[in-house]
Each structure stands twice: as C-alpha cells, then as structure tokens.
Amino acid sequence: MKNRGQFFTPEKVAQKMISESKKYLKKGLVNVLDPCFGKGIFIKKLLENKNFKTIIYGYEIEKKFYKFTKSKFTYFNKSLNLYNSDYLKETISKKFDFIIINPPYVRHELIKKKYKEHISEYLQKRYKLRINKQCNLYVYFILKSLLELKENGVFTFIVYDAIEYTR
C-alpha cells in the first residue's frame, strides 16, 4: 500500500493520553501494546514514566521506523518487545492491560482489494467477525486491538473526526 496513512502523534498529546489512561490502570506491572508504533512517541513517553512499570509490545510495518525505534529504545529497557511486521496479520495469543494507538488513516477505496480480503478473512476466522469491506483502515486496527484487550483493560486511541459522521 503506497499511502500508509501515517500521522505522527505530538509528544504532548502522547503524554496526555498516557497520563489520563494511567488513572484507570491497575497498579503494578502493565502489559502494553502499541500496534503501529511509527517513530515510537508512545513508547518514549511510556519509558519516561519512571513510576509506571510496563512490558511493552509494539508492531511497525515500516522497516525504517522499526529500526529507528528499536535502536533508540531497546538498550533503555529490556522489557520492550518490538516487531517489524504488519500487526493486522499477526496472531497474538496474549491479552493486554493497556493498548494505546494512533492508527493509520487510509480510506477504504485506497486499500488494495487483496489486502482488505486477507485482513477480513483473518479477522473472521480468528475472531468470528464479519466486517464491512468499506471500512477505513483504522477500523481494522481498532477492532483487532479491542479483541486483544484484557477484561477491564484500557484502550486509548486517536480517532479521525469523520467517525462522528459515520453510520
């Protein structure tokens, strides 16, 4: 897919999202997922919170962002698990206490038909979900993330404002 719909989260916004979310998280060690970490802004802000113990899992499809984030932060924290892969195609067996995401914003017309079919089939087979194939890409990320959230977990995400006008 040529247009990956990447819009990077400002650090102030990432910090606010984490600070507000922490209020609802259980005390102790928190398993965190960032399904499309891009330049690692959420990861950076999570690691800067010294009184917040986390094991972070992150996925990034873009090799350059994966390499950048891995080189910048893995020396900093041994409980950082980063993968250079397409989160939507990954079978993840664990559930997370906290998922934070700024999903890619790609209109459904711009998603290759084969890719959309593959993701739809995967979600239907794995989670018994039937998805309208006219969903924008961020919908797939949100749905899959919700299914990988622990009961009483916290899911914090940035949503494109068009969702207000969607049926």
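I will try to describe carefully the structure that is included in this document.

What counts and what doesn't
- Residues numbered from 1 in each chain as written.
- Predicted model: local features only at pLDDT ≥ 70, side-chain atom pairs only at ≥ 80, totals over all residues.
- Heavy atoms only, no water.
- Helix = DSSP H or I, 4+ residues; strand = E, 2+ residues; numbered from the N terminus.
- Expected span 1.5 Å × (residues − 1).
- Buried < 20%, exposed > 50% of the residue type's maximum accessible area, 1.4 Å probe, protein only.
- Arc of directions from axis to C-beta.
- Contact = heavy atoms within 4.5 Å.
- Axes fitted to C-alpha atoms, helices over the stretch in contact; angles between N-to-C directions.
- Parallel < 35°, antiparallel > 145°, perpendicular 65-115°, else oblique.
- Left-handed = near helix turned anticlockwise from the far one by under 90°.
- Pairing = 2+ DSSP bridges.
- Right-handed = clockwise from strand over helix to strand, strands pointing away.
- Core = buried A, V, L, I, M, F, W, Y, C linked by side-chain atoms within 4.5 Å.
- Salt bridge = Lys/Arg side-chain N within 4 Å of Asp/Glu carboxyl O.
- Polar contact = N/O pair within 3.5 Å; in protein donor to acceptor, adjacent residues only side chain to side chain.

Moving on, we get to helix α4 (residues 113–127). Spanning 15 residues, α4 covers 21 Å between terminal C-alpha atoms, matching the ideal 21 Å at 1.5 Å per step. Every buried residue belonging to α4 is among Tyr115, Lys116, Ile119, Ser120, Tyr122, Leu123 and Tyr127, and all of these are buried. Seen end-on, α4 carries its buried residues on one side only, within an arc spanning 160 degrees. In α4, those exposed residues whose orientation departs by more than 90 degrees from the buried face are Lys113, Lys114, Glu121 and Lys125. At its buried positions, α4 is contacted by α5 (137–147). Count one or two residues on from α4 and you reach Lys128, which has phi positive near 60 degrees.

At a closest axis distance of 12 Å, the pairing of α4 and α5 adopts a crossing angle of 20 degrees. By the angle between their axes, α4 is roughly parallel relative to α5. The chirality of how α4 crosses α5 is left-handed. Facing Tyr115, Lys116, Ile119, Ser120, Tyr122, Leu123 and Tyr127 of α4, the residues of α5 in contact are Leu137, Tyr140, Lys144 and Leu147.

Burial runs high along strand β2 (residues 54–59): five of the six residues are buried. Bridge count for strand β1 (residues 30–34) against β2 is five bridges, and the pairing is parallel. Pairing of Asn31 across the sheet is with Ile55, part of β2. For the crossover that starts at β1, traverses helix α2 (residues 41–48) and ends in the parallel β2, the hand is right-handed.

Next up on the list: the nonpolar core. Counting residues in each nonpolar core, the largest one holds 27 residues, and the members touching the most others are Leu33, Tyr87, Leu88, Leu123, Leu137, Tyr140 and Phe141. Those residues within four positions of Leu123 in sequence are excluded, and the remaining contacts are Lys128, Leu129, Ile131, Tyr140 and Lys144. Within the second largest apolar cluster, 21 residues are counted, among which are Leu25, Ile41, Leu47 and Val154.

It is worth spelling out the pattern of salt bridges at this point. Counted by the stated rule, this structure contains eight salt bridges. A salt bridge links Glu48 to Lys45; the shortest N-O distance between them is 3.1 Å. Residue Glu48 and its partner Lys45 are located together in helix α2, separated by three residues, close to a single helical turn. Where salt bridges share partners, they join Glu11, Lys44, Lys45 and Glu48 into one cluster.

This next bit is on the side chain of Thr9. Its place among the elements puts Thr9 in the segment before α1 (11–22). Overall, Thr9 belongs to the buried group, its relative accessible area being 10%. Within the structure, Thr9 has its side chain in polar contact with the side chain of Asn102 (distance 2.9 Å). Not counting the four nearest positions on each side in its chain, Thr9 is found in contact with Ala14, Ile41, Phe42, Asn102 and Ile158.

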